[in-house]
Amino acid sequence: MKTTFQKLPLAFILIISFSFHFTNAKSVSIGDVIKPGLTNQTSDSSLVFQLCLDMPELQSFYPKNEDGSYPPVYVMQFPVAFPSDIAVSKFQQNIVFESRGDIYTNKREAFFIVKSFLIEGDSATVVFDYNHHYTSSPAALEVKLTLQKTGTEWAISNTITSQRY
């Protein structure tokens, strides 16, 4: 018996394609997106991610506690998952990595969702959303960064941001 797509209704094919796309969504670890054979992969990913956290466009969006101190910075471990020992910090505190469920269950006021994190040789591309005021009036800063490495130093070479309310 030979089955062809021509005999199936177009709506059925679209539904199957659509559900296949979403049921195959998975978390991607940093090891999956950093090319094998590169030296200093862990330190490069730490340096690149630290530049993301420190970019000037983000600083005014970080929430403050009533006493003026800063709460920890949270990063959702989906769709990109970072190793728990990645060397990044903000406001003299380690970054807190949480699952998607924990971010929502714990009602985090602000958090990062890293959509893409790719390092190839001396260049990197990072795409992320920084969700802020999430529990009161949700908004997000959408960011796409291109970074270049010269010697051992990484620098942001291009930034595209947009605010989403």
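Note that this is a predicted model, so its numbers are computed, not measured.

Rules behind the numbers
Residues numbered from 1 in each chain as written. Predicted model: local features only at pLDDT ≥ 70, side-chain atom pairs only at ≥ 80, totals over all residues. Heavy atoms only, no water. Helix = DSSP H or I, 4+ residues; strand = E, 2+ residues; numbered from the N terminus. Buried < 20%, exposed > 50% of the residue type's maximum accessible area, 1.4 Å probe, protein only. Phe/Tyr/Trp six-rings, centres within 6.5 Å; stacked < 30°, edge-to-face > 60°. Polar contact = N/O pair within 3.5 Å; in protein donor to acceptor, adjacent residues only side chain to side chain. Contact = heavy atoms within 4.5 Å. Core = buried A, V, L, I, M, F, W, Y, C linked by side-chain atoms within 4.5 Å. pLDDT = per-residue confidence, 0-100. Salt bridge = Lys/Arg side-chain N within 4 Å of Asp/Glu carboxyl O. Pairing = 2+ DSSP bridges.

**Some words on the overall build of the chain**
Then, in step 1: Summing up its helical and strand segments, the chain has 4 helices and 10 strands in all.
Then, in step 2: Along its sequence from the N terminus, the chain presents helices and strands in the succession α-β-α-α-β-β-β-β-β-α-β-β-β-β.
Then, in step 3: When each of the 165 residues of the chain is scored for burial, the buried share is 33%.

**Structural notes on the packing of aromatic side chains**
How two aromatic rings sit relative to each other is set out by the distance from centre to centre and by the angle between their planes.
Then, in step 1: Overall, the coordinates contain 14 aromatic pairs when judged by the stated rule.
Then, in step 2: Aromatic side chains Phe49 and Phe117 sit 6.3 Å apart centroid to centroid with 75 degrees between the ring planes, which places their arrangement in the edge-to-face category. Here the residue Phe49 occupies a position in helix α3 (residues 41-54), and Phe117 occupies one in strand β7 (residues 111-120), the gap between them amounting to 68 residues. No difference in accessibility class separates Phe49 from Phe117, as the two residues are buried.

**Focus: the side chain of Asp129**
Then, in step 1: Along the chain, Asp129 falls in strand β8 (residues 123-132).
Then, in step 2: At a separation of 3.0 Å, a polar atom in the side chain of Asp129 contacts the side chain of Lys115.
Then, in step 3: Setting aside anything within four residues of it in sequence, one finds Asp129 in contact with Phe111, Phe112, Ile113, Lys115, Leu141, Glu142 and Arg164.

**Quick word on the nonpolar core**
Across soluble globular proteins, nonpolar side chains have a tendency to be buried as a group.
Then, in step 1: Counting 30 residues, the largest nonpolar core has Phe49, Phe82, Phe112, Val114, Phe117 and Phe128 as its most contacted members.
Then, in step 2: If you list the elements that add at least two residues to this core, you get α3, β7, β8 and β9 (139-150).
Then, in step 3: Once residues within four sequence positions are removed from consideration, Phe128 is found in contact with Cys52, Met55, Leu58, Phe112, Ile113, Val114, Lys115, Leu141, Glu142, Val143 and Leu145.

**Looking at the environment of Gln163**
Then, in step 1: Structurally, Gln163 is set in strand β10 (residues 153-164).
Then, in step 2: Taking the relative accessible area as the measure of exposure, Gln163 reaches 27% and is therefore partly exposed.
Then, in step 3: C-alpha of Gln163 to C-alpha of Glu142: the two residues are 21 residues apart in sequence and 6.2 Å apart in space.
Then, in step 4: For Gln163, the residues in contact, after removing those within four places along its chain, are Phe61, His132, Ala139, Ala140 and Leu141.
Then, in step 5: A polar side-chain atom of Gln163 sits 3.0 Å from a polar atom in the side chain of His132.

**Some words on the confidence of the model for the chain**
Low pLDDT marks stretches whose predicted atomic positions should not be read closely.
Then, in step 1: Here the chain shows a mean pLDDT of 82. Residues at 70 or above account for 75%.
Then, in step 2: Every residue in residues 1-29 is under pLDDT 50, and counting partners more than four places away or in other chains gives 14 contacts.
Then, in step 3: Below a pLDDT of 50 lies the segment residues 31-39, which in the model reaches 14 contacts outside its immediate sequence neighbourhood of four places, other chains included.

**Brief notes about the pattern of salt bridges**
Then, in step 1: Per the counting criterion, the structure on display carries 6 salt bridges.
Then, in step 2: Measuring nitrogen to oxygen at the nearest pair gives 3.0 Å for the salt bridge that ties Lys115 to Asp129. Pair noted here: Lys115 is in strand β7 and Asp129 is in strand β8, with a separation of 14 residues, a long-range link.
Then, in step 3: Look at Asp129 and you get buried, because its relative accessible area is 5%.
Then, in step 4: In this structure, a network of salt bridges that share partners links the residues Lys115, Asp129, Glu142 and Arg164.

**Details of the pairing of β8**
Consecutive side chains of a regular strand alternate in pointing toward one face of the sheet and then the other.
Then, in step 1: Extensive coverage of β8 is indicated by the burial of 7 of its 10 residues.
Then, in step 2: In this structure, β7 lies alongside β8, joined through 9 bridges in antiparallel fashion. Bridging from a neighbouring strand, Glu120 pairs with Ser123 of β8.
Then, in step 3: Here β7 folds back onto β8 in antiparallel fashion, the turn holding 2 residues, of which Gly121 has a positive phi close to 60 degrees.
Then, in step 4: Where β8 meets β9, 10 bridges bridge the pair, whose relative direction is antiparallel. The residue of β9 that forms the bridge with His132 is Ala139.
Then, in step 5: Here β8 folds back onto β9, and the loop between the two strands holds 6 residues, one of which, His133, carries a positive phi near 55 degrees.

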